[in-house]
Every structure is written in C-alpha cells, then in structure tokens.
Amino acid sequence: MDGEPLRVIPLGGLGEVGKNMTVFELAGERIVVDAGLAFPRDEHLGVDLILPDFGYLHDRHVRAVVLTHAHEDHVGGLPYLLREVRVQEVWATRLTLGLVKSKLDEHGLLRAAELREIEPERGPLDLGPFRLEFVRMSHSVPDAVGISLEAGGWRVFHTGDWKLDHTPIDGLRTEVGRLAELGNRGIDLLLGDSTNAERPGFTQSERVVGEAFRQLIPTRRGRVLISSFASNIHRMQQAIDVAVTVGRKVAVVGRSMRKNLNIARNLGYVEVADDVIVRPVELDDIPPEQQLILCTGSQGEPLSALTRIAYNDHPAVRVERGDTVIISARPVPGNELRVHDAINRLTRRPKAVMPIHGEFRMLAAHARLAQDVGVPASSIVIAENGDVVELSRDGVRVVDRVDSGVTFVDGLGVGDVSDVALRDRRHLSEDGVLIVVATMSNGSVAAPELVARGFAESDELLSEMRAEAQGIVRDLLAQDIREIKLLQEHIHDGIGQLVYDRTRRRPMILPVVVEV
Ligand SMILES: [Zn+2]
C-alpha cells in the first residue's frame, strides 16, 4: 500500500480549545485519535457539553479509537461517539483506560467496543494498515502519550498534550530520546500541540503547583478550597500531601472528581490514607482550619461547583470570611511551554508541520515557531476542523472538506440538538417560548411578567410560574445573591422544571432580570 495517500481529518480542536479529535484514513481504514468534548461558554445557555460532529464517521468503519491522555477535552466525547459510530477497539494507557471504563460503564457502553491497554514499552502496535508506536509524554495528568503513526509509507507524529517537565510528579519524563529517534527516522507530518505556543519560555513543572500549595496552605486559618479539573490527578495528590502535613482532612466535592480519585487510588496513581478523606457531609463536624476541600463541577469543569459554593448555593459546602479559595484550573500554571526548544529537538526533520489544539492565533504562533526552526512555510498546514489534509507524493495539502460542526448536549439527549439555532427553532415551533421578566429595585422583586408565545398555557399555570419566579429571586436576594447572570440561570432552571413537570414540554425560556 506504499504511496497510497494518507488522509488526516481533524474533526475538532482546530481554531478552538477543546473537543480534540483527529481521523487518520488510509485505503478505507480508519483510526481516530482522541474524542474530546468542550465545556460550554456563557452564550451557550442551557447547553451542558459540546461535542464534535461525528457525522463523517457514520457508516464508516473505525478500526480503533486511540486516546492520548485522560483529560476531558481528549476523552469526554467517547461515550457519545460510541453511541453513534461503530468502533472496533478503544486503546489507552492504564490510567486513561481505567477512567474511560468507568465513564463508559455509567453510560451502559462497556460492551460497545473492545477496550485494550496501550503498553508503550511493548513496541509497535499494528492495527490494520496502521503501525502505531507510543512515546510517554509528561503532562498534568499521568500516563499521557504521543503517537507515531506509520501507514502507506508515511510517518506522522501526533504529540498529544505535552511539555518537557523534567521533574514530573509521576517520575515519568517526556521520552526525549525516543522523540529524537523518531525524528531521525524522518517524520512526514508533525501534528503538534499549540496550546500556549504564544508564550515563550519554559513550562513550569507540575511541581511548581505543589510548591504553591506548600507555601500557601500552612499559612491559612480557615477552610482551604481548591478548584481544579477532575482529571488533574497530580494536583489532587499534591494538595492531599500538603493537607496531611498540616493536619487537614480532605473532602472531595463533585461526582467526577470523587470518581477519578477512587480510580486513581485503586490503580496506584494516587496514595492517600483512608482516614485523610472525609465525606462532604462530615465537614460540619470538623473545624474550618482542619478542612481542605477539592472541588469541580458535575462534568469535571473547574468553576461550576465553585460558583455555587461561592454563592452559598451548595448543599454540603460553604465558605465564610477567612476561608481561602485556590483556583487551579488552568492546565498549566505560570509561564508556559518550551515550544521553541521542543520543536527544535523533535522536528529537526519533519517534512511538514500541522499545528493542532488551539485557537487560530495559537496555531499561527506555532506555525511561526516551526518556520523559525527551518520548516518551509509551504510545508506548514494551518487547517480547520473538517479539512481533509492529504499526504501524497505531491506533498501535504488540503484536498477536501467534510462536515465538522458542533453537537450540543443539553441533558435531554444528544443529536436532537445539532446546533443552538436548530434547537431554538425546534423549541419555538413545537413548545413555544416563554419570556420571564423580573424587575428588582432596592433589594426587592415585583411579581415577574410573563410573555408566552406558541405555548398554550392555562391561567393557573401562568400564575404558578409567576409565583415560582418571584420566589426564586426572593430567595436568592435573601442570600445576598445579586449577580444578574446567576439569577437568570436559576429562573431558567426553576421555571423550565416547573413547566416540564406540569406539561411535559420544554418551551424556550428567556429569563430577563432588570435592575431599576
Ligand atoms: Zn491535556
């Protein structure tokens, strides 16, 4: 099959941060590297998760999905992918596989594909026409790998997320020697992580985070809350270590973080004595200065639980004056990636470079770095999601495009919402729209006005909704919660639930809070 064109099709992760996913295709066989999700931003009202559009893979056989590491933006879309697309095998390193298994189990998908463990030290893995080799990379989660892929006589290297951390927590360094060896064999196309490519200088080691914890935590009197991504296993370990030395008990808040910690403990990636961990409900009996709380949101996003806690809107955890909140959400803290040197070492011989993982300005910054080390501009591919990049005797170029939109998941299901506009239209045509206008003045709230369109409602339900909306705002104001966005979110959720309970319908709800 030598000389047959190899196609590289990014379905996510280009021109954005998150939902990383790349398809490799040769002679009708396919491998997918990563299946990530993105977390919604403010404008995605009512959306819980964002996935790549898997449409291109419908009715196409996928030999294997290969995962580089356990971060949600690389594995979080897998259950949804397996529901839509026939995948023969899923390959991941031990910890990644452990975390993914529990995720699939929750979705009832353990049997949807064969789950296989990557053992980088065991040499090449042949999957159909693809020969894969794995290089250990240090990253903020243990057990991350980069992937060398050979097919049809072409060699591609996909870095995954990585850095050159010479003092990683798990003792595994990026295997620079292996990278150099691959570089010597010759790489036709390098798919390189671009996150932080704009920032020059060294990546700070994950230990730096631990150092910050060690300096900060012992000086604090009240509770210490650390908010982080649920997959940030190294950070949990470091926070727990410091907690132990200063005599604090650790409570883990957030379902996905608790689950990940258990899996990591069972597999030996985190060490912690049983008596150190307490349940969130037990916090009431422990003085604040002996508490350390690790938290995330339900999907592992770092800020949502914290927002709720900060507004005293969390059932188990509160914060008071004198408590300390540490937001350790950025994947890499401090000042960042040693891209220059990394690219220098690794890509001395790549024939072409395609920056991945990042917004376009990051991809462009990465491209400039590649040019600086001698990769000709004509061999740098800045592609978009959905571009079909082909390696052939004519070089590397974009030859086609496939569908590559986004899919929103909003708790009701997937796929019935292929984009927000569509969903809005569906709501409007089927369930109507309900506008709730609440006016606040001097800390009190008048009975909200309701405007309903295409939504046949009884007067009884309307007045019930009015009372509910007023009650919601009143309760929040009583707790000193005045953030308009938060008030609107609560109205949206509360009224949505009420309408659904009474009518089994989901009109589009537009809460508007006006302060006069
Ligand atoms: Zn990552």
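Throughout what follows, the structure given in this document is the object of discussion. (Residues numbered from 1 in each chain as written. Predicted model: local features only at pLDDT ≥ 70, side-chain atom pairs only at ≥ 80, totals over all residues. Heavy atoms only, no water.)

**Re the overall build of the protein chain**
Across its full length, the protein chain holds 13 helices and 25 strands. Counting the 516 residues in the protein chain, one finds 54% classified as buried. Considering only contacts within the protein chain whose residues lie at least 6 apart along the sequence, 71% involve residues at least 24 apart. Put simply, the protein chain shows about 22,100 Å² of open surface, and 46% of that area lies on carbon and sulfur atoms. (Helix = DSSP H or I, 4+ residues; strand = E, 2+ residues; numbered from the N terminus. Buried < 20%, exposed > 50% of the residue type's maximum accessible area, 1.4 Å probe, protein only. Contact = heavy atoms within 4.5 Å. Areas by Shrake-Rupley, 256 points an atom, 1.4 Å probe, with all protein chains shown as cover.)

**Notes on the pattern of salt bridges**
For the structure shown, the criterion picks out 22 salt bridges. R131 is the partner of D126 in a salt bridge, and the nearest nitrogen-oxygen pair spans 2.9 Å. Measuring nitrogen to oxygen at the nearest pair gives 3.5 Å for the salt bridge that ties R155 to E150. (Salt bridge = Lys/Arg side-chain N within 4 Å of Asp/Glu carboxyl O.)

**Focus on the environment of Q237**
Note on placement: Q237 falls in helix α6 (residues 233–246). Residue class for Q237 comes out buried when judged on its relative accessible area of 11%. Along the primary structure Q237 and L261 are separated by 24 residues, whereas in three dimensions their C-alpha atoms are 9.1 Å apart. In contact with Q237, not counting residues within four places along its chain, are Y269, V270 and E271.

**A short note on the sheet that holds strand β1 (residues 6–12)**
Overall, mixed pairing links the eight strands, which are arranged β7-β6-β5-β3-β2-β1-β19-β20 in an open sheet. Whereas interior strands pair on both sides, the edge strands pair on one side only; in this sheet they are β7 (114–117) and β20 (395–401). Looking at each pair of strands side by side, their axes are set apart by 25° on average, direction ignored. Seen against the sheet, helix α3 (residues 94–106) touches β6 (87–92) and β7 and runs at an angle of roughly 160° to β7. (Pairing = 2+ DSSP bridges. Axes fitted to C-alpha atoms, helices over the stretch in contact; angles between N-to-C directions.)

**What about the sheet that holds strand β12 (residues 189–193)?**
Ordered by their spatial adjacency, six strands build an open sheet running β8-β9-β10-β11-β12-β18, and the pairing between neighbours is mixed. Where the open sheet ends on each side, the last strands, each with one partner, are β8 (125–127) and β18 (353–356). Shown here is a sheet whose adjacent strand axes are inclined to one another by a mean of 20°, direction ignored. One ladder, built from four bridges, connects β12 with β18; its direction is parallel. Residue pairing across strands places L190 opposite V353, the latter belonging to β18. Against the sheet, helix α10 (residues 360–372) contacts β12 and β18, and its axis sits at roughly 150° relative to β18.

**Notes on the side chain of R30**
Tracing the chain through its elements places R30 in strand β3 (residues 29–33). Classification of R30 by relative accessible area gives buried; the value is 7%. A polar side-chain atom of R30 sits 2.9 Å from the main-chain carbonyl oxygen of H61. (Polar contact = N/O pair within 3.5 Å; in protein donor to acceptor, adjacent residues only side chain to side chain.)

**Some points on the environment of G192**
With respect to the element layout, G192 can be found in strand β12. For G192, a relative accessible area of 3% corresponds to the buried category. Sequence-wise, G192 and W162 are 30 residues apart; in three dimensions their C-alpha atoms are separated by 9.4 Å. With sequence-adjacent residues up to four places away left out, G192 is seen in contact with T159, M354, P355, I356 and H366.

**Some words on the packing of helix α12 (residues 459–478) against helix α13 (residues 484–503)**
As a packed pair, α12 and α13 sit with axes 10 Å apart at the nearest point and diverge in direction by 150°. For the element pair α12 / α13, the angle class is roughly antiparallel. Handedness of the α12/α13 crossing: right-handed. For the pair formed by α12 and α13, the contact residues are L461, E464, M465, E468, A469, I472, V473 and L476 on the first element and L487, H490, I491, G494, I495, L498, V499, R502 and T503 on the second. Tallied by class, residues from the contact of α12 with α13 come to eleven nonpolar, three polar and three charged. (Parallel < 35°, antiparallel > 145°, perpendicular 65-115°, else oblique. Left-handed = near helix turned anticlockwise from the far one by under 90°. Nonpolar A, V, L, I, M, F, W, Y, C, P; charged D, E, K, R; others polar.)

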